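One letter stands for each residue in the lines below.
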Amino acid sequence: MMNALLIPLLMQISLAIAVFPDREKDPQYWRDSAQKTLQQSLELQVPNTNVAKNGIIFLGDGMGVSTVTAARIRKGQLAGQPGEEIQLEMDKFPYVALSKTYNTDHQVPDSAGTATAFLCGVKTNMGTLGMSAAAVKGQCNTTKGNEVDSVLKWAKAAGKSVGIVTTTRVQHATPGAAYAHVVDRNWYSDSDIPREAREQGCTDIAWQLLENIPDMEVILGGGRKYMYPDGTPDVEYPNNPDANGTRLDGQNLVKVWAERKHAQKRAHYVWNRTALLNLNPDNVDYLMGLFEPMDLMYELERNITTDPSLTEMVSVAIRILKKNPNGYFLLVEGGRIDHAHHEGKAQLSLHEAIEMDNAIGLADKMTSESDTLTVVTADHSHVFMIAGYPGRGNPIFGLSPDLSDIDGKPYTTLLYGNGPGYKLVNGSRENVSSVDTTNRNYGAQAAVPLSQETHGGEDVAIFAKGPMAHLLHGVREQNYIPHAMAYATCIGQNLNHCQQEYQKNRSMQPTASVYSLLLLILLWCLL
């Protein structure tokens, strides 16, 4: 029996040895690589202090450092490499910091409190969006006077275009914090708000999407059902009652959104990939795209006929937003990294992270580091780990080479501290030697049984490049992020340096008297 268990393990070790790059056996390879990195680091001693015309924040929901590492290995292995040595697009960013993610009332945070921190610049309680910590979760009467605005609203006030792109519903925690002020993150539609709170005047997140930043240029994601009257059949799933509209006020918010647009502005609503990709961004001033009743499908399960990829949505968004001569601010969320982790499905999660990395690479090609500050970060981590001592190039969804010295059974490289992957067979830990751990829906083993895996409380990474990217360094409170981005893009409250930069640029321009002198010299030479 033990020999039978060892066979797949030995095969994995053989595979790892077979793909080990020979160049890495030469010490000079590592010396040369280090010297190249050293030269790049020396160049960073003179930071880019330009004023950023544009700001982009990529938010990997639940993308802790272990998720970044595992996604890197998976992306490399998909390209036929061992995986550990490759660089993700975010790995190429020159500046890295750590973000402290706790909520004001919780050691391990949720996505609402963290989104308020990294978008509104204020730490707050778990479960509330766009509210200070003086607001009490679920208590409508603590809303008024405790609202806090986001960096997107600051950008809009400064004359920039703004956009939201997400793989979740556009009313979910991360995008919701960009525009909403609610004491309960689950108030997606008015039907989700308790009657008492509605009578007290509290409004839902979908309604606030139209009200609080009414002229947002780009809104792309899921969440159709919260925009239509209760019982309205969904355009894509007309026979599925769970996809029906949910609004009790009878409002068709998509119609309201379109009617509120200026007559001379071109507003488009789309609900499928084909319509999105057929748009000419040059002929679009406002775009709303809602591609699912709730969240978009996982990337590995996506219907490529109806649902666009995150990369495709980002491409369209940037092409629309960049038309504004004053620049833009764009929030992009890879939101389902988090959802797959909660289900204990590591493969689905890592492919969500890889797709976000692809979108980061595309944005890099579409923008310039001289005038666009790009930040990549996470709201929180998960209790997700890379464990054991697998050989180099070992399949990331495979088994660790060693058996447990307690129960003599194998275990996977990827594990969760808790979640639905906890399983006992005949009173002991499941033997995974005969389980297909490479199946995309495989639920990785967990130490503690829970119906849903939980967030982790450790710091997460911040990657930054572009103007003022050096401001993101060290270990920082999460609410520092939008303040640094606002400073770089000259929006919000701290604008003194913007006038100084303007004066500096003017002083560098030739004055009229200088032009006159040059003209006289030219005429004298001609004579």
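A brief structural summary. Residue positions are given per chain, counted from 1 along the sequence in the order it is written. Per-residue local features are limited, in this predicted model, to residues with pLDDT of at least 70; the limit for side-chain atom pairs, both in listing and counting, is 80 or more; totals at the level of whole chains, interfaces and linings are taken over all residues. Where side-chain values are given, they derive from all heavy atoms of the structure, hydrogens and water being excluded.

Focus: the overall build of the protein
The criterion, for reference: Helix and strand assignments follow DSSP, with helices taken as H or I runs no shorter than four residues and strands as E runs no shorter than two, numbered in order from the N terminus. Residue burial is assigned from relative accessible area. The probe radius is 1.4 Å, only protein chains are included, and a residue is buried under 20% of its type maximum, exposed over 50%, and partly exposed in between. The contact criterion used is simple: two residues touch if any of their non-hydrogen atoms lie within 4.5 Å. Calculation of accessible area relied on Shrake-Rupley with a 1.4 Å probe; when residues are assessed, cover is drawn exclusively from the protein chains displayed. His residues and chain termini do not enter the charge count, which takes Lys and Arg as positive and Asp and Glu as negative. To locate a charge, take NZ of a lysine, CZ of an arginine, CG of an aspartate or CD of a glutamate.
A tally of helices and strands in the protein yields 16 helices and 17 strands. The C-alpha extent of the protein, read off along each of the three principal axes, is 95 × 70 × 45 Å. When the 527 residues of the protein are sorted by exposure, 54% land in the buried category. When contacts within the protein are restricted to residue pairs at least 6 apart in sequence, long-range pairs at least 24 apart make up 72% of them. Surface summary for the protein: the accessible area is close to 23,300 Å², and the carbon and sulfur share equals 54%. Of the charged side chains in the protein, 45 are positive and 57 negative; the average position of the first set lies 5 Å away from that of the second.

Section: unusual backbone geometry
Positive phi outside glycine occurs at N426, with the angle close to 55°. Positive phi is not limited to glycine here, since C490 has a value of about 60°. As for its position among the elements, C490 is in the loop between α14 (480-489) and α15 (496-507).

Observations concerning the state of the cysteines
Here is the rule we go by: For this text, the term disulfide refers to a pair of cysteine sulfurs within 2.5 Å.
Summed over the entire model, instances satisfying the criterion amount to two disulfides. Paired through a disulfide, C140 and C202 show a sulfur-sulfur distance of 2.0 Å. Linking C140 and C202, the disulfide has an S-S dihedral of approximately 110° and is accordingly described as right-handed. Residue C140 is located in the loop between α4 (111-120) and α5 (151-157), and its partner C202 is located in the loop between α7 (195-199) and α8 (205-211); the two are separated by 62 residues in the primary sequence. Residue C202 is classed as buried on the basis of its relative accessible area of 13%. The residue that forms a disulfide with C490 is C498, at a sulfur-sulfur distance of 1.9 Å. Disulfide C490-C498: torsion about the S-S bond near -110°, hence left-handed.

Examining the layout of surface pockets
Stated formally: The pocket and cavity definitions rest on a 1 Å grid over protein atoms only: a 1.4 Å probe that fits but cannot leave marks a cavity, an open set with protein on both sides within 12 Å along at least five of seven lines marks a pocket, and residues lining either have an atom within 4 Å of a point. Grid points are joined across faces, edges and corners, and a volume is the space filled by probe spheres set on the points. All residues other than Ala, Val, Leu, Ile, Met, Phe, Trp, Tyr, Cys, Pro, Asp, Glu, Lys and Arg, Gly among them, are scored as polar; the first ten of these are nonpolar and the last four charged.
Taken as a whole, the largest pocket holds about 750 Å³ of empty space. Of all the elements in the fold, those that place two or more residues in the lining of the largest pocket are α2 (27-43) and α13 (346-366). Looking at the lining of the largest pocket, the element that brings in the most residues is α2, giving eight residues. Partitioning the lining of the largest pocket into residue classes produces seven nonpolar, five polar and twelve charged.

Considerations on the sheet that holds strand β2 (residues 95-100)
As a reminder of what qualifies: The rule for pairing is simple: two strands pair if DSSP sees at least two bridges between them. Here the axes come from fitting lines to C-alpha atoms, over the contacting stretch only for helices, and the angles between their N-to-C directions go from 0 to 180 degrees.
The strand order across the open sheet built from ten strands is β5-β6-β4-β3-β7-β1-β8-β16-β2-β17, with neighbouring strands paired in mixed fashion. Of all the strands in the sheet, the pair left with one neighbour each is β5 (267-270) and β17 (474-477). If you compare each strand with its neighbour and ignore which way they point, the axes differ by 15° on average. Pairing of strand β4 (residues 218-222) with strand β6 (residues 286-290), which is carried by four bridges, proceeds in the parallel orientation. In the strand pairing of β6, I219 is matched with M288. Strands β1 (54-60), β3 (161-169), β7 (328-334), β8 (372-378) and β16 (460-465) of the sheet are contacted by α13, whose axis makes an angle of about 170° with β1.

Describing the nonpolar core
Nonpolar side chains in soluble globular proteins tend to end up buried together. The criterion, for reference: For this analysis, a nonpolar core means a set of buried residues of the types Ala, Val, Leu, Ile, Met, Phe, Trp, Tyr and Cys, connected via side-chain atoms within 4.5 Å.
L152, Y179, L209, M227 and F329 are the most contacted members of the largest nonpolar core, which totals 66 residues. Beyond its immediate sequence surroundings of up to four residues, F329 is in contact with G55, I57, V151, L152, A155, S161, V162, G163, M485 and I491. Grouped together as the second largest cluster of nonpolar side chains are 55 residues, F93, L310, L330 and L399 included.

Structural notes on the pairing of β4
Here β4 lies mainly inside the structure; five of its five residues are buried. The pairing of β3 with β4 spans four bridges and is classified as parallel. Within β4, the position partnered with G163 by the bridge is V218.

Topic: the pairing of β3
With nine of nine residues buried, β3 is to be regarded as a mostly interior element. Two elements, β3 and β7, share six bridges in a ladder whose sense is parallel. For S161, the partnering residue across the bridge sits in β7 and is Y328.

A word on the pattern of salt bridges
We count it as follows: Here, a salt bridge means any Lys or Arg side-chain nitrogen found within 4 Å of an Asp or Glu carboxyl oxygen.
Scanning all chains against the criterion turns up 27 salt bridges. When the shortest N-O distance is used, the salt bridge between K92 and E89 registers 3.3 Å. By relative accessible area, K92 is classed as partly exposed at 46%. In this structure, D110 and R185 form a salt bridge, with 3.1 Å as the shortest nitrogen-oxygen distance. A residue pair is termed long-range when its members are at least 10 positions apart, and D110 in the loop between β2 and α4 and R185 in the loop between α6 (173-176) and α7 qualify at 75 residues. Residue D110 shares its accessibility class with R185, and that shared class is buried. Beyond isolated ion pairs, a larger network of salt bridges with shared partners links E24, E84, E85 and R392.

Overview of empty space enclosed by the protein
For the structure shown, the criterion picks out three cavities of 30 Å³ or more. Every residue lining the largest cavity is counted, 13 residues in all, and those nearest its centre are T167, M297, E299, L310 and E352. When residues of the lining of the largest cavity are traced back to their parent elements, those giving at least two are α11 (310-321) and α13. For the lining of the largest cavity, the leading source of residues is α13, giving three residues. Broken down by class, the residue content of the lining of the largest cavity amounts to six nonpolar, three polar and four charged. Of the volumes computed, that of the second largest cavity is approximately 70 Å³. A346, Q347, I396, F397, T412, L414, T437, N439, Y442 and A444 together form the lining of the second largest cavity. Looking at the lining of the second largest cavity residue by residue, the classes come out as six nonpolar, four polar and no charged.

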